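# A closer look at the structure
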Amino acid sequence: AAVDARQDDDFVIIARCDAIGVPGGSLDEAIERSKAYATAGADVAFIAGLQLKDMKATADALPVPLFNVVRDTPKEELERNGLKIACYYAQAMQVAFQAVRELMRELKSSGTIKNLAARTPLPKEYQDMVGTTEGNILAEKYGIV
């Protein structure tokens, strides 16, 4: 269904398989399912719960690039083991949480956050990063504002 719905060649379909983590599931089953997803048109395979020790053999067995969520494995080791796309979402959230906590502590202790200004993006930088600038252009184009 995702392949049929794709309207842009740059849209990447990542097929997720959770067969490793379910009762009775196995790595072999996850690989076979991922192969079937690739045959159906998926561009990338994501096998949730895949361990580093199984990564190389899994990547070698698949006809599409392998994606995985990682915690702290160095890039070079992931590449050696066949991983093409790594997602560090938990670390990004943890770093953001730490920054918010630091900001709140600074505000509570000093009543201002001016001491954090050097680490804070300028409004234009932030707007560009989150897409506000492009969103505003589209809003004007379509008469939303």
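For the structure itself, look to the data block above.
Residues numbered from 1 in each chain as written. Predicted model: local features only at pLDDT ≥ 70, side-chain atom pairs only at ≥ 80, totals over all residues. Heavy atoms only, no water.

## Quick look at the pairing of strand S1 (residues 14–17)
Of the two faces of S1, the one holding Ala-15 and Cys-17 is buried and the one holding Ile-14 and Arg-16 is not buried anywhere. Strand direction decides the pairing type here: S1 and strand S2 (residues 44–47), joined by four bridges, are parallel. In the sheet register, Arg-16 faces S2, and the bridge partner there is Phe-46. Note on the crossover from S1 through helix H2 (residues 27–39) to S2: the handedness is right-handed. (Buried < 20%, exposed > 50% of the residue type's maximum accessible area, 1.4 Å probe, protein only. Helix = DSSP H or I, 4+ residues; strand = E, 2+ residues; numbered from the N terminus. Pairing = 2+ DSSP bridges. Right-handed = clockwise from strand over helix to strand, strands pointing away.)

## Brief notes about the sheet that holds S2
As summarised here, the arrangement of the four strands in space is S1-S2-S3-S4, forming an open sheet in which the pairing is parallel. The open sheet is flanked by S1 and strand S4 (83–87), the only strands paired with a single partner. Taken pair by pair, the neighbouring strands of this sheet meet at an average axis angle of 30°, ignoring direction. (Axes fitted to C-alpha atoms, helices over the stretch in contact; angles between N-to-C directions.)

## A short note on H2
Compared with the 18 Å implied by 1.5 Å per residue over 13 residues, the 18 Å span of H2 between its first and last C-alpha is a close match. Within H2, burial applies to Ala-30, Ile-31, Ser-34 and Ala-38. The buried residues of H2 occupy one face: seen down the axis, they fall within an arc of 100°. Opposite its buried face, H2 presents the exposed residues Asp-28 and Thr-39, each directed more than 90 degrees away. Once H2 finishes, Gly-41 follows within two positions and takes phi at roughly 120°, a positive value. (Expected span 1.5 Å × (residues − 1). Arc of directions from axis to C-beta.)

## Focus: the side chain of Thr-58
Of note, Thr-58 is situated in helix H3 (residues 52–61). What makes Thr-58 buried here is its relative accessible area of 0%. Only 2.7 Å separates the side chain of Thr-58 from the backbone oxygen of Asp-54, close enough to count as a polar contact. The contact partners of Thr-58, leaving out residues within four places of it in the chain, are Leu-27, Ile-31, Ile-47, Leu-50 and Leu-66. (Polar contact = N/O pair within 3.5 Å; in protein donor to acceptor, adjacent residues only side chain to side chain. Contact = heavy atoms within 4.5 Å.)

## Quick notes on the side chain of Asn-68
Its place among the elements puts Asn-68 in strand S3 (residues 66–69). With residues near it in sequence (within four places) discarded, Asn-68 still touches Phe-46, Ile-47, Leu-50, Met-55, Leu-83, Ile-85, Ala-86 and Cys-87.

## Here we look at the pairing of S3
Every other side chain in a regular strand lies on the same face of the sheet, so the side chains alternate between the two faces. Pairing geometry for S2 and S3, over two bridges, is parallel. Counted as the bridge partner of Phe-46 is Phe-67 from S3. Taking the sense of rotation as the criterion, the β-α-β connection linking S2, H3 and S3 turns out right-handed. Alignment of S3 against S4, held across four bridges, turns out to be parallel. For Phe-67, the partnering residue across the bridge sits in S4 and is Ile-85. The handedness of the S3 to S4 crossover, carried by helix H4 (residues 75–80), is right-handed.

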